[in-house]
Amino acid sequence: EVQLVESGGGLVQPGGSLRLSCVASGFTFSNYYMTWVRQAPGKGLEWVSGIDSSGAITRYADSVKGRFTISRDNAKNTLYLQMSSLKPEDTAVYYCNSVPPRDWGRGTQVTVSS
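Quick summary incoming for the structure in this document. Source: prediction; values computed, not measured.

## Considerations on the environment of Val110
Along the chain, Val110 turns up in strand E10 (residues 108-112). Leaving out residues up to four positions away in the same chain, Val110 has contacts with Gly9, Gly10, Leu18, Leu20, Met83, Asp90, Thr91, Ala92 and Tyr94.

Spelled out as structure tokens, the structure:
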């Protein structure tokens, strides 16, 4: 059974930092391109960042470039998203998935507010 379990979200003040994790199981994690996407309240899914299977090539949405860093540990089947200089507009539920996508996890809520 494929599982994607996101964690690490929470309430943080503007300018703060969080590190999200996504533990994958049920497929060969190290073979797949992985992505982070988010869904803000009342809005659709927004692609945030992607990383190739080796971790060597990363991409970011313009809205997070320079503030977020994606990484992965293939030995631990884990994807990360280090978020810094957080803004209220980063408030969303954050999800990870592979490309092509599998069943979605529950996501992790990130709320940026003073």
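Now that the structure has been shown, the text picks up again.
## Structural notes on the sheet that holds strand E3 (residues 18-25)
Pairing between the strands of a sheet is mediated by backbone hydrogen bonds and can be parallel or antiparallel. Strand order across the open sheet formed by four strands is E1-E3-E8-E7, with antiparallel pairing between neighbours. Since the sheet does not close on itself, it has two edges, and those belong to strand E1 (3-7) and strand E7 (68-73), each with one partner. Averaged over all pairs of adjacent strands, the angle between their axes in this sheet comes to 15°, without regard to strand direction. The sheet contact formed by E1 and E3 spans five bridges and is antiparallel. Directly across from Ser7, in E3, lies its bridge partner Ser21.

## Focus: the pattern of salt bridges
Across all of its chains, the model carries four salt bridges by this definition. Arg67 is paired through a salt bridge with Asp90; the nearest N and O atoms lie 2.7 Å apart. Here Arg67 is found in the loop between strand E6 (58-60) and E7, whereas its partner Asp90 is found in the loop between strand E8 (78-83) and strand E9 (92-99), with 23 residues between them in sequence. Relative accessible area serves as the criterion here: at 11%, Arg67 is assigned to the buried category. Within this structure, Arg38, Glu46, Arg67 and Asp90 form a network of salt bridges that share partners.

## Things to note about the state of the cysteines
Tallied over the entire structure, the rule returns one disulfide. Across a sulfur-sulfur distance of 1.9 Å, Cys22 and Cys96 are joined as a disulfide pair. Sign of the S-S torsion, about 55° for the bond between Cys22 and Cys96, identifies this disulfide as right-handed. You can see Cys22 sitting in strand E3 and its partner Cys96 sitting in strand E9, a full 74 residues away along the chain. Neither Cys22 nor Cys96 differs from the other in exposure class; each is buried.

Thresholds applied
Residues numbered from 1 in each chain as written. Predicted model: local features only at pLDDT ≥ 70, side-chain atom pairs only at ≥ 80, totals over all residues. Heavy atoms only, no water. Helix = DSSP H or I, 4+ residues; strand = E, 2+ residues; numbered from the N terminus. Contact = heavy atoms within 4.5 Å. Pairing = 2+ DSSP bridges. Axes fitted to C-alpha atoms, helices over the stretch in contact; angles between N-to-C directions. Salt bridge = Lys/Arg side-chain N within 4 Å of Asp/Glu carboxyl O. Buried < 20%, exposed > 50% of the residue type's maximum accessible area, 1.4 Å probe, protein only. Disulfide = S-S within 2.5 Å.

Take it as geometry only, folks, not as evidence of what the structure does.
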